[in-house]
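# Remarks on the overall topology
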Amino acid sequence: MRIVYGYYETCTNYRIKDYVMGANEHRRVERLTTGVLSKRTGCNIETIRYYERIGLMPPPPRTEGGHRDYDEGHLRRLAFVRRGRQLGFTLDQIRGLLKLVDGGDFTCGEVQRITLSHMEDVRAKIADLRKMERVLKEMAAQCAGGDVPECPVIDVMFSSGVR
């Protein structure tokens, strides 16, 4: 089979084509430009190109004019990467998950191990954010919010970390 103008076309030399494809059946393959892929996923065009450069996205075929010609597989993979980033996974963690999927021999246990490790990182960040919230609350409580040039919040920020 080959793709012609976004449709699968069977070779007319094969008698089995009617059995496999159906006599008049053609399956539509949706082709996507970079702009359409960007709009459908909410991912910036430059970010899509970056993901291609670092190997998270496979390079798409090119049209005769040299434009990228994405398909549904690219759309799904980019959605996976975007969702992983939204959940706070690093690019290396996402790469690891994709290697498992690409290899086809991943187990739920392997995915769970990566996820639980990431969850520990998230919990540590939450604890740090709670500490930061307490410090900011204490700093804000020291400030009267007046028009004087002295500000306890600024003073604390300049003195923090100096020994």
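## Concerning the pattern of salt bridges
Going through the model one piece at a time under the given rule, you end up with seven salt bridges. For arginine 123, the salt bridge is made with glutamate 120, and the minimal N-O distance between the two is 3.3 Å. Taken together, the positions of arginine 123 and glutamate 120, both in helix H6 (residues 108-142) and three residues apart, correspond to about one turn of that helix. Under the relative-accessibility criterion, arginine 123 is labelled partly exposed at 47%. The class for glutamate 120 is partly exposed, based on a relative accessible area of 46%.

## Remarks on the packing of H6 against helix H7 (residues 152-159)
With their axes 7 Å apart at the nearest point, H6 and H7 run at an angle of 135 degrees to one another. Between H6 and H7, the angle falls in the class oblique. Mapping the contact onto sequence places Met139, Ala140 and Gln142 in H6 and Pro152, Val153, Val156 and Met157 in H7. The residue inventory of the contact of H6 with H7, partitioned by class, reads six nonpolar, one polar and no charged.

## Some words on the side chain of arginine 68
Positionally, arginine 68 belongs in the loop between helix H3 (45-53) and helix H4 (72-86). A polar contact of 2.9 Å, which involves the side chain of arginine 68, links it to the side chain of glutamate 52. Residues in contact with arginine 68, not counting those within four places in the same chain, are Leu32, Thr33, Thr34, Arg49, Glu52, Pro60, Pro61 and Arg62.

## Thoughts on H6
With 35 residues, H6 extends 51 Å between its outermost C-alpha atoms, agreeing within 8% with the 51 Å of an ideal straight helix rising 1.5 Å per residue. Among the residues of H6, Ile114, His118 and Met139 are the ones counted as buried. Buried-residue contacts for H6 involve helix H5 (91-103) and H7.

## Let's talk about the environment of histidine 67
With respect to the helices and strands, histidine 67 occurs in the loop between H3 and H4. Residue classification places histidine 67 among the exposed residues on the basis of a relative accessible area of 57%. With 34 residues separating them along the chain, histidine 67 and threonine 33 place their C-alpha atoms 7.6 Å apart. Sequence-distant contacts of histidine 67, that is, excluding residues within four places in its chain, are made with Pro61 and Arg62.

## With respect to a nonpolar patch on the surface
A surface patch of nonpolar side chains, about 310 Å² in accessible area, is lined by Leu129, Met132 and Leu136. In this fold, methionine 132 is placed in helix H6. For methionine 132, a relative accessible area of 47% translates into the label partly exposed.

## Topic: the nonpolar core
By size, the foremost hydrophobic cluster in this structure holds 18 residues, and its most contacted members are Leu37, Ile48, Tyr51, Leu56, Leu78, Val81 and Ile94. Of all the secondary structure elements, the ones that give two or more residues to this core are H3, H4 and H5. At five residues, the largest contribution of residues to this core is made by H5. When sequence neighbours within four positions are dropped, the list of residues in contact with isoleucine 94 reads Leu56, Phe80, Val81, Gly84, Arg85 and Phe89.

Cut-offs used in this document
Throughout, a residue's number is its position along its own chain's written sequence, starting from 1. Reporting of local features is limited, given that this is a predicted model, to residues whose pLDDT is at least 70; pairs of side-chain atoms are given and counted only at 80 or more, and all residues count toward the totals for whole chains, interfaces and linings. Derived side-chain values reflect all non-hydrogen atoms in the structure, with water molecules and hydrogen atoms excluded from consideration. Here, a salt bridge means any Lys or Arg side-chain nitrogen found within 4 Å of an Asp or Glu carboxyl oxygen. Numbering goes from the N terminus for both helices and strands, where a helix is a DSSP run of H or I of at least four residues and a strand is a run of E of at least two. Under the scheme applied here, a residue whose accessible area is under 20% of the maximum for its type counts as buried, over 50% as exposed, and between as partly exposed, the area being computed with a 1.4 Å probe on protein chains only. Here the axes come from fitting lines to C-alpha atoms, over the contacting stretch only for helices, and the angles between their N-to-C directions go from 0 to 180 degrees. Roughly parallel means an angle under 35 degrees; roughly antiparallel means over 145; roughly perpendicular covers 65 to 115; every other angle is labelled oblique. Any two residues having at least one pair of non-hydrogen atoms within 4.5 Å are treated as being in contact. Residue polarity is assigned by list, with Asp, Glu, Lys and Arg as charged and Ala, Val, Leu, Ile, Met, Phe, Trp, Tyr, Cys and Pro as nonpolar; anything else, Gly included, falls into the polar class. N or O atoms closer than or at 3.5 Å make up a polar contact, with two conditions inside protein: a donor-capable atom paired with an acceptor-capable one, and, for residues adjacent in sequence, both atoms drawn from side chains. Helix span, as expected, comes to 1.5 Å for every residue beyond the first. Here, patches come from residues exposed beyond 30% relative accessible area and free of salt bridges, joined within 9 Å for like charges and within 5 Å for nonpolar side chains (Val, Leu, Ile, Met, Phe, Trp, Tyr). In these tables, accessible area is a Shrake-Rupley quantity obtained with a 1.4 Å probe, and a residue counts as shielded only by the protein chains included in the view. The definition of a nonpolar core used throughout is a set of buried Ala, Val, Leu, Ile, Met, Phe, Trp, Tyr and Cys residues joined through side-chain atoms within 4.5 Å.

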